[in-house]
Amino acid sequence: MQNEQWSSKIGFILASAGSAIGLGAIWKLPYVTGTSGGGAFIFLFLLFSLFVGFPLLLAEYVIGRSTGKEAISAYKEIAPKSKWHWIGYLGVFTCFVLLSFYSVIGGWIIQYLAYGITGLSASGASGYEQLFNESVSSPFMVVGAQGLFMIITILVVAKGVQQGIEKMSKLMMPALFILFLILIVRSLTLDNAMEGVKFFLQPDFSRITSETLLYAMGQSFFSLSVGVSVMVTYSSYLSKKESLVQPAFSVVAMNLFISILAGLAIFPAVFSLGYEPAAGPGLLFIVLPAVFDQIIFGKVFLFLFLALFLFATLTSAFSMLEITVASLTKGRKMGRVSAAWMVGAAIFIVGIPSALSYSVLADVSIFGKSIFDSADFLVSNLLMPLGALLISLFVSYRMKKDLLKSEIIMGSKSLNGVFQVWYFLMRYIVPIVIILVFLDSSGLFNLFK
């Protein structure tokens with residue numbers, strides 16, 4: 001067993017939830033919900049989270065906790081003298097690339113927080129659009145902000161599991177909920193706020209299409225941080241005495257809850273003030289600043305919102321850096337502090353081209369995409385589905401059923417039924433779902449049309 005360990009189950013749950021709850025859950029999922037059937041889409045997302053995301057999350061927990069080792073070593077121990085440990089290497093590589101461009105967005109948020117402190121602002125959506133374009137096109141500013149984001153991430157991970165990741169997750173995740181509740185109360189008290197609530201939650205089954213189903217399936221495991229073996233590493237720090245089912249269910253529930261809170265905080269304000277809802281960077285850096293501009297103490301609420309987004313981004317970044325650091329520090333080959341700084345510096349350097357995608361490298365394209373978008377496509381559409389598929393096959397067909405059962409039912413014999421359902425889903429349903437999502441997200445479906 002590793003020396004590192006979570007001090008409590010709640011610390012493990014909050015850290016896992018922090019890893020899962022990132023920008024995608026806050027600035028993408030609410031918008032897609034609103035444009036894809038509202039409450040009907042939420043219902044689909046909940047179903048797929050329970051029957052696809054939850055089984056995958058639990059599978060990674062089983063791999064990590066049963067061995068007590070980080071991603072690469074865990075696969076080696078379960079399947080020695082085989083090639084299955086390459087799943088661990090794939091997860092490390094995926095997180096490395098993911099954090100390289102994810103840190104760029106974290107840098108943008110830091111830039112906007114600096115604007116809030118210095119008083120720099122714009123007027124209206126067009127003014128904030130110009131401010132955003134100027135911000136991302138300034139090479140020194142974006143690289144410097146990206147570097148600062150990585151330094152914060154490195155400092156936390158370097159302190160270890162308990163004193164670094166767990167301590168900050170225990171602080172940031174409750175703060176995330178509190179900030180959301182404050183913003184929701186303010187948003188719902190605006191005139192015409194219910195139009196935003198209707199846009200977000202009113203069920204409209206006529207908008208459910210095959211494409212919507214595929215997105216709900218894909219989002220169910222992308223949004224839970226599965227497929228990259230991060231949760232293998234995180235669960236390796238969990239005590240053998242703890243149940244795995246409850247933490248996995250808690251993370252799924254918290255992820256859905258945060259997504260709903262995000263929609264309730266954002267859309268009533270957007271609709272109340274007559275703006276069009278948007279997804280992605282446009283929502284965070286253009287629409288919301290313009291919305292809060294028209295509210296009393298709007299600058300304060302915008303600052304709170306940006307702080308909230310930074311917390312969500314950082315807690316995800318901790319897990320991405322930790323999986324690589326853990327693989328380097330196994331067997332004390334390298335100290336944690338040295339590993340954190342070395343890997344963090346390498347990720348920062350690799351991420352510089354993504355940071356410059358909107359300035360000096362704007363004319364550089366890879367298969368018609370910017371460097372930033374190419375890195376995003378590689379991770380989200382290819383590496384993560386591939387990793388999830390391999391993990392589902394590894395657990396279902398390589399691990400011994402008795403070992404799987406002992407890990408799942410640990411703490412309560414009443415979980416035997418849960419194990420039977422979980423094992424059936426992992427063996428027969430989840431791999432098919434992942435293959436469908438992979439074909440769709442990679443664009444291969446278009447070849448058959």
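As the structure is a computational prediction, the values presented were derived from the model and not from experiment.

### Some details on the overall build of the chain
Here is step 1 of the chain: For the chain, the count of helices and strands is 18 helices and zero strands.
Here is step 2 of the chain: Relative to the globule expectation of 22 Å for 449 residues, the C-alpha radius of gyration of the chain, 21 Å, shows essentially globular dimensions.
Here is step 3 of the chain: Here the C-alpha coordinates of the chain stretch approximately 60 × 50 × 45 Å along the principal axes.
Here is step 4 of the chain: Looking at the chain as a whole, 59% of its 449 residues are labelled buried.
Here is step 5 of the chain: Charged side chains in the chain number 28 positive and 21 negative. The centres of these two groups are separated by 15 Å.

### Structural notes on the environment of valine 291
Here is step 1 of the chain: Structurally, the position occupied by valine 291 is in helix 13 (residues 281–292).
Here is step 2 of the chain: Taking the C-alpha atoms as reference, valine 291 lies 8.9 Å from serine 272; in sequence the two are 19 residues apart.
Here is step 3 of the chain: Non-local contacts of valine 291, meaning those with residues more than four positions away in its chain, are made with Ala269, Val270, Leu273 and Tyr275.

### Concerning empty space enclosed by the protein
Vacant regions in the atomic arrangement are exposed by a probe of water-molecule size rolled over the atoms.
Here is step 1 of the chain: Throughout the structure, instances matching the rule amount to one cavity of 30 Å³ or more.
Here is step 2 of the chain: Forming the walls of the largest cavity are Leu183, Arg186, Ser187, Leu190, Ala265, Ala269, Phe292, Ile295 and Phe301.
Here is step 3 of the chain: Of all elements in the fold, only helix 8 (161–188) and helix 12 (245–272) reach the threshold of two or more residues within the lining of the largest cavity.
Here is step 4 of the chain: For the lining of the largest cavity, the element with the highest residue contribution is helix 8, accounting for three residues.

### Brief notes about the pattern of salt bridges
Here is step 1 of the chain: As enumerated under the stated definition, the model contains seven salt bridges in all.
Here is step 2 of the chain: Ionic pairing is found between lysine 69 and glutamate 77, a salt bridge with its closest N-O pair at 2.8 Å.
Here is step 3 of the chain: Exposure remark for glutamate 77: the relative accessible area of 40% places this residue in the partly exposed category.
Here is step 4 of the chain: Note that lysine 240 and glutamate 407 form a salt bridge whose closest N and O atoms lie 3.3 Å from each other. Here lysine 240, found in the loop between helix 11 (230–235) and helix 12, pairs with glutamate 407, found in helix 17 (residues 401–408); they are 167 residues apart in sequence, far enough to count as distant.
Here is step 5 of the chain: Through salt bridges with shared partners, one network takes in Arg65, Lys240 and Glu407.

### With respect to the packing of aromatic side chains
Here is step 1 of the chain: Per the stated rule, a full pass over the model turns up 25 aromatic pairs.
Here is step 2 of the chain: Their ring planes at 55° and their centres at 6.0 Å tell us that tyrosine 358 and phenylalanine 372 sit as a pair that is tilted. Of this pair, tyrosine 358 sits in the loop between helix 15 (336–355) and helix 16 (371–397) while phenylalanine 372 sits in helix 16, and the two are 14 residues apart along the sequence.
Here is step 3 of the chain: Assessed through its relative accessible area of 32%, tyrosine 358 is described here as partly exposed.
Here is step 4 of the chain: On the basis of an interplanar angle of 40° and a centroid distance of 6.0 Å, the ring pair of phenylalanine 419 and tryptophan 422 is categorised as tilted. Here phenylalanine 419 and its partner tryptophan 422 are both found in helix 18 (residues 416–441), three residues apart, which amounts to about one turn of the helix.
Here is step 5 of the chain: Exposure remark for phenylalanine 419: the relative accessible area of 0% places this residue in the buried category.
Here is step 6 of the chain: Its relative accessible area of 2% is what places tryptophan 422 among the buried residues.

### Re a nonpolar patch on the surface
Here is step 1 of the chain: A cluster of nonpolar side chains, namely Leu148, Ile151, Leu155, Val337 and Trp341, defines an oily patch on the protein surface of about 440 Å² accessible area.
Here is step 2 of the chain: Residue assignment for the nonpolar patch shows that the elements contributing at least two residues are helix 7 (139–158) and helix 15.
Here is step 3 of the chain: Relative to the helices and strands, tryptophan 341 is located in helix 15.

### Digging into helix 13
Here is step 1 of the chain: The end-to-end C-alpha distance of helix 13 is 16 Å, a good match for the 16 Å that twelve residues give at a rise of 1.5 Å each.
Here is step 2 of the chain: For helix 13, a buried count of eleven out of twelve residues is recorded, marking the element as mostly surrounded by other parts of the structure.
Here is step 3 of the chain: Here helix 13 has its buried residues at Gly282, Leu283, Leu284, Phe285, Ile286, Val287, Leu288, Pro289, Ala290, Val291 and Phe292.

### Here's the deal with the side chain of serine 135
Here is step 1 of the chain: Positionally, serine 135 belongs in helix 6 (residues 124–136).
Here is step 2 of the chain: Residue classification places serine 135 among the buried residues on the basis of a relative accessible area of 3%.
Here is step 3 of the chain: Other than its neighbours up to four places away in sequence, serine 135 contacts Gln111, Tyr112, Tyr115, Met141 and Val142.

### Let's talk about the packing of helix 2 (residues 23–35) against helix 14 (residues 298–329)
Here is step 1 of the chain: It is the contact of helix 2 with helix 14, at a shortest axis distance of 8 Å, that shows an interaxial angle of 120°. For the element pair helix 2 / helix 14, the angle class is oblique. Across the interface between the two elements, Leu23, Ile26 and Trp27 from helix 2 touch Leu308, Phe309, Ala312 and Thr313 from helix 14.
Here is step 2 of the chain: Of the residues contributing to the contact of helix 2 with helix 14, the split by class is six nonpolar, one polar and no charged.

### With respect to the environment of glycine 263
Here is step 1 of the chain: By secondary structure assignment, the location of glycine 263 is in helix 12.
Here is step 2 of the chain: In this structure glycine 263 comes out as buried when scored by relative accessible area, which is 1%.
Here is step 3 of the chain: When sequence neighbours within four positions are dropped, the list of residues in contact with glycine 263 reads Pro30, Phe200 and Pro268.

### A few points about the packing of helix 1 (residues 9–20) against helix 12
Here is step 1 of the chain: In the contact formed by helix 1 and helix 12, the axes pass within 9 Å of each other and the chain directions differ by 40°. With respect to their mutual orientation, helix 1 and helix 12 come out oblique. When the axes of helix 1 and helix 12 are compared, the crossing they make is right-handed. Between helix 1, through Lys9, Phe12, Ile13, Leu14, Ser16, Ala17 and Ala20, and helix 12, the contact on the second element is made entirely by Gln246, Pro247, Ser250, Val251, Met254 and Asn255.

Basis of the calculations
- Residues numbered from 1 in each chain as written.
- Predicted model: local features only at pLDDT ≥ 70, side-chain atom pairs only at ≥ 80, totals over all residues.
- Heavy atoms only, no water.
- Helix = DSSP H or I, 4+ residues; strand = E, 2+ residues; numbered from the N terminus.
- Rg over C-alpha atoms; globule rule 2.2 N^0.38 Å.
- Buried < 20%, exposed > 50% of the residue type's maximum accessible area, 1.4 Å probe, protein only.
- Lys, Arg positive; Asp, Glu negative; His and termini not counted.
- Charge placed at Lys NZ, Arg CZ, Asp CG, Glu CD.
- Contact = heavy atoms within 4.5 Å.
- 1 Å grid on protein atoms, 1.4 Å probe; cavity = no way out; pocket = protein on both sides within 12 Å on 5 of 7 lines; lining within 4 Å.
- Points joined across faces, edges and corners; volume = space filled by probe spheres on them.
- Salt bridge = Lys/Arg side-chain N within 4 Å of Asp/Glu carboxyl O.
- Phe/Tyr/Trp six-rings, centres within 6.5 Å; stacked < 30°, edge-to-face > 60°.
- Patch = residues over 30% accessible without salt bridge, like charges linked within 9 Å, V, L, I, M, F, W, Y side chains within 5 Å.
- Areas by Shrake-Rupley, 256 points an atom, 1.4 Å probe, with all protein chains shown as cover.
- Expected span 1.5 Å × (residues − 1).
- Axes fitted to C-alpha atoms, helices over the stretch in contact; angles between N-to-C directions.
- Parallel < 35°, antiparallel > 145°, perpendicular 65-115°, else oblique.
- Nonpolar A, V, L, I, M, F, W, Y, C, P; charged D, E, K, R; others polar.
- Left-handed = near helix turned anticlockwise from the far one by under 90°.

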